[in-house]
Amino acid sequence: MNITIVSINIGKPTTMSFKESELFTGIFKSPTKEPLYLSRLNFDGDGQADLVHHGGKDKAVCVYSYEHYPYWERNLNRPLVQGAFGENLTVTGMLENDVCIGDIYQLDEAIVQVSQPRQPCHKLAKKYDTVDLPIRVQNTGYTGFYFRVLKEGKVSQTNGIILLERHPKEISVAFANQIMHHEKDNADGIFRLLEVEELSQNWRTTFEKRLAGKAIDTKNRLEG
């Protein structure tokens, strides 16, 4: 698998105007050529506004595939630059079907592990003034995913990403998305995911609630 880092993207939270209101968000990321230190929580110079739903040890690095960009450029009818989806790493060779929960990668000096798919939120819709964009991202499966950091270190774009260890259960990000968003009553699928100890606590809690018959409200995430 030929994996490359197209860009490292960072940005501190900022306030954007949307219609008649203001929104504090960290979705605006810009590419940088400088090597950056990656801590357990984020890259130097990066930050999240909503620390309840974004960031934290299980979501230290957001990753998105550059292969998806042409699709979204056609659908949004506009050119896109790296970091367009609020991701920290724009990459090639890491599609959702190919990447598994628990996979471990060498990221220059750092070592990282896939923890969960990315769940698009209403801030993406507001950034592009496209109200159904989070649902569209969710339905395509072009979501991207998150890394947790197992070993901190400096990361350079030019040194790339190397797969160190494929998780033995080989549960792909695409499968996790399918069970989370489209096969919500698939108990067998949920149990398969819960068997992956490296699955993020956030997703684990959601699946456990579903098995207990509790309703999960996604309106706030998707619509704000």
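In what follows, the structure referred to is the one given above.
What comes next is a walk through the structure.

Parameters at a glance
- Residues numbered from 1 in each chain as written.
- Predicted model: local features only at pLDDT ≥ 70, side-chain atom pairs only at ≥ 80, totals over all residues.
- Heavy atoms only, no water.
- Helix = DSSP H or I, 4+ residues; strand = E, 2+ residues; numbered from the N terminus.
- Buried < 20%, exposed > 50% of the residue type's maximum accessible area, 1.4 Å probe, protein only.
- Contact = heavy atoms within 4.5 Å.
- Lys, Arg positive; Asp, Glu negative; His and termini not counted.
- Charge placed at Lys NZ, Arg CZ, Asp CG, Glu CD.
- Phe/Tyr/Trp six-rings, centres within 6.5 Å; stacked < 30°, edge-to-face > 60°.
- Lys NZ or Arg CZ within 6 Å of the ring centre and 35° of its normal.
- Arc of directions from axis to C-beta.
- Salt bridge = Lys/Arg side-chain N within 4 Å of Asp/Glu carboxyl O.
- Polar contact = N/O pair within 3.5 Å; in protein donor to acceptor, adjacent residues only side chain to side chain.
- Axes fitted to C-alpha atoms, helices over the stretch in contact; angles between N-to-C directions.
- Left-handed = near helix turned anticlockwise from the far one by under 90°.
- Nonpolar A, V, L, I, M, F, W, Y, C, P; charged D, E, K, R; others polar.
- Pairing = 2+ DSSP bridges.

### A few points about the overall build of the chain
Turning to step 1, where the next piece is worked out: Within the chain, the regular secondary structure consists of 7 helices and 12 strands.
Turning to step 2, where the next piece is worked out: In the chain, which comprises 224 residues, the share counted as buried stands at 53%.
Turning to step 3, where the next piece is worked out: Sequence-distant contacts in the chain: of pairs separated by 6 or more residues, those separated by 24 or more amount to 74%.
Turning to step 4, where the next piece is worked out: For the chain, the distance from the average site of its 27 positive side-chain charges to the average site of its 29 negative ones is 3 Å.

### Observations regarding the packing of aromatic side chains
The geometry of an aromatic ring pair is captured by the separation of the ring centres together with the interplanar angle, meaning the angle of the planes.
Turning to step 1, where the next piece is worked out: Tallying each qualifying case throughout the model produces 10 aromatic pairs.
Turning to step 2, where the next piece is worked out: For the ring pair Tyr-71 and Tyr-142, a centre distance of 5.3 Å and an interplane angle of 90° mean the geometry is edge-to-face. With Tyr-71 in helix α1 (residues 69-76) and Tyr-142 in the loop between α3 (133-140) and β10 (145-151), this pair connects stretches of sequence that are 71 residues apart.
Turning to step 3, where the next piece is worked out: By relative accessible area, which is 27% here, Tyr-142 ends up partly exposed.
Turning to step 4, where the next piece is worked out: Both rings, one in Tyr-105 and one in Phe-147, keep their centres 5.8 Å apart while their planes meet at 50°; by these two values the pair is tilted. Here Tyr-105, found in strand β8 (residues 104-107), pairs with Phe-147, found in strand β10; they are 42 residues apart in sequence, far enough to count as distant. For the pair formed by Tyr-105 and Phe-147, the shared burial category is buried.
Turning to step 5, where the next piece is worked out: An aromatic cluster is defined as three or more aromatic residues linked by ring pairs; in this entry it consists of Tyr-64, Tyr-66, Tyr-69, Tyr-71, Trp-72, Phe-85 and Tyr-142.
Turning to step 6, where the next piece is worked out: Positioned above the aromatic ring of Phe-175 is the side chain of Arg-192, whose terminal nitrogen or guanidinium carbon lies 4.6 Å from the ring centre.

### So, α3
Helical geometry: 3.6 residues make up each α-helical turn, so side chains three or four residues apart lie on a common side.
Turning to step 1, where the next piece is worked out: Within α3 the residues assigned to the buried category are Leu-133, Pro-134, Val-137 and Gln-138. With its buried residues spanning 140° around the axis, α3 presents them on a single face.
Turning to step 2, where the next piece is worked out: In the stretch just after α3, Gly-141 is the one whose phi turns positive, near 85°.

### Thoughts on the side chain of Glu-87
Turning to step 1, where the next piece is worked out: Turning to its location among the elements, Glu-87 is positioned in the loop between α1 and β7 (89-92).
Turning to step 2, where the next piece is worked out: In this structure, Glu-87 is buried with no salt-bridge partner, the nearest side chain bearing the opposite charge being Arg-118 at 5.5 Å.
Turning to step 3, where the next piece is worked out: At 2.6 Å, the side chain of Glu-87 and the side chain of Tyr-69 are in polar contact.
Turning to step 4, where the next piece is worked out: Within the structure, Glu-87 has its side chain in polar contact with the backbone nitrogen of Phe-85 (distance 3.0 Å).
Turning to step 5, where the next piece is worked out: Not counting residues within four places of it along the chain, the set of residues in contact with Glu-87 comprises Asn-9, Lys-29, Cys-62, Val-63, Tyr-64, Tyr-69 and Gln-82.

### Description of α1
Turning to step 1, where the next piece is worked out: When we look at burial in α1, the residues that qualify are Tyr-69, Trp-72 and Leu-76. The buried residues of α1 occupy an angular sector of 65° when the element is viewed end-on, so they sit on one face.
Turning to step 2, where the next piece is worked out: In this structure, the buried residues of α1 make contact with β6 (61-65), β7 and α3.
Turning to step 3, where the next piece is worked out: Positive backbone phi, approximately 55°, marks Asn-77, located one or two places after α1.

### A short note on the packing of α1 against α3
Turning to step 1, where the next piece is worked out: Following both chains from N to C, one finds α1 and α3 inclined at 140°, their axes separated by 13 Å at the closest point. Considering the relative orientation of α1 and α3, their crossing is right-handed. For the pair α1 and α3, contact is made by Tyr-71, Trp-72, Asn-75 and Leu-76 and by Leu-133, Arg-136, Val-137 and Thr-140, respectively.
Turning to step 2, where the next piece is worked out: Its residues placed into classes, the contact of α1 with α3 shows 5 nonpolar, 2 polar and 1 charged.

### A look at the pairing of strand β9 (residues 110-117)
Turning to step 1, where the next piece is worked out: Among the 8 residues that make up β9, 7 are buried, leaving the element largely enclosed by the rest of the structure.
Turning to step 2, where the next piece is worked out: Of the pairings in the sheet, the one linking β8 to β9 comprises 4 bridges and is antiparallel in character. Along β9, the bridge assignment pairs Ile-104 with Gln-113.
Turning to step 3, where the next piece is worked out: Connecting β8 to the antiparallel partner β9 that follows it, the hairpin turn spans 2 residues, and Asp-108 within it adopts a positive phi of roughly 60°.
Turning to step 4, where the next piece is worked out: By the bridge criterion, 6 bridges tie β9 to β10 in an arrangement that is antiparallel. Bridge pairing in β10 links Pro-117 to Phe-145.

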